[in-house]
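# Structural characterization, general
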Amino acid sequence: MLTLEPAHVGFGEEQWWRDTRSGDLFRRCFNDTEYQVCNWLASNPEHSFCLACGLNDTIPEVNSGYLALQRRKWWGRMEQAKRRLIYTLLFLGLPVAGKADHHAGLAFSFLEDQRSNPLVDEEHVLTGHLDGLITVNLAEADVVSREQTRQNLGEPYRTLLGHFRHESGHYYFNQLIQSEQDLMAFRALFGDEREDYQAAVERYYANPAGVPQGDRISAYAALHPFEDWAECWAHYLHMMDCLETAAQVGLLSAPVVTQEVPPDIEACLAAWMRVSVALNALNRSMGLRDAYPFVLSAATLNKLRFVHQRIYPNWMPMQTGASV
């Protein structure tokens, strides 16, 4: 959060603002001034978008046509979830670069298909990742549609933020697991990623209930080692974001996640056990289903440790546990 005051600078006709503490100059993101779907700021005079919006490859048609106002609302929800993802990635010190700046960068595409908009060409848009491009079906921002899909697939949890975190896991797999040593360690925990992915998808969706979850974090993680990794990556981000928030609101006696030093994964896992139980208990007190309806097996805990060590390769365990 920044406190801003008007700044009179010669960067064209747009209003610029000065942070009263640092003196840095900013302007409102174009997607804020034009569409009111962003609350981040831009700092580069040559770019009208903030860091998060600058990663967009395709956005919905929100100015005219079929359900334009509804699509703007859905797009706003997409951007909110994406900003939370980007915040966490930056907090963890992960590289966040757009495809415009780096061929191996990130990009996001929000697409519709004929199930939600009969006027578009695409019959079926799948949420997924390919070479740094994360595609999310715009219908996922429709709460009713997403809940129907969740129930049809028998999923305990399905959110926009969950989609973004999961798909980012596929992207960062290629960024963080490159050496043969890393691959061998990965296979020992998750399985052989060289297994035919398309065949695994067809087998899973032919009979989802017939694929044993075993000790994996979710049923979908049983589809393929890549999906097991992406699910664990998403849960790692869930944990780190919630632990930071829990410390900020006083649910932890001391922070276990900071930017100053690499967090201790054992302290994080111990704190997460307490925080997730508290989250579920609070939700039940409100008559809601569990916020975190998952069981972390010993195998899953080791996978979360593996994710942590890819992000913090120089991490060393603390000699004494953090106070939680």
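Residues numbered from 1 in each chain as written. Predicted model: local features only at pLDDT ≥ 70, side-chain atom pairs only at ≥ 80, totals over all residues. Heavy atoms only, no water.

On to the state of the cysteines. Going through the model one piece at a time under the given rule, you end up with 0 disulfides. Between cysteine 38, a free cysteine, and cysteine 50, which holds the nearest cysteine sulfur, the sulfur-to-sulfur gap is 3.6 Å. According to the relative accessible area criterion, cysteine 38 is buried, its value standing at 5%. (Disulfide = S-S within 2.5 Å. Buried < 20%, exposed > 50% of the residue type's maximum accessible area, 1.4 Å probe, protein only.)

Below, the discussion takes up the pairing of strand β6 (residues 107-111). When you tally the buried positions in β6, you get 4 out of 5 residues, the bulk of the element. Here strand β5 (residues 56-58) pairs with β6 via 2 bridges, running parallel. Pairing of threonine 58 across the sheet is with serine 109, part of β6. Here β6 runs beside strand β8 (residues 133-137); their pairing, made up of 5 bridges, is parallel. Note on β8: the bridge partner recorded for leucine 111 is asparagine 137. (Helix = DSSP H or I, 4+ residues; strand = E, 2+ residues; numbered from the N terminus. Pairing = 2+ DSSP bridges.)

Per-residue confidence for the protein gives a mean pLDDT of 92; residues scoring 70 or more make up 95%. Across residues 318-324, confidence stays below pLDDT 50; counting only partners more than four residues off in sequence or on other chains, it has 10 contacts. (pLDDT = per-residue confidence, 0-100. Contact = heavy atoms within 4.5 Å.)

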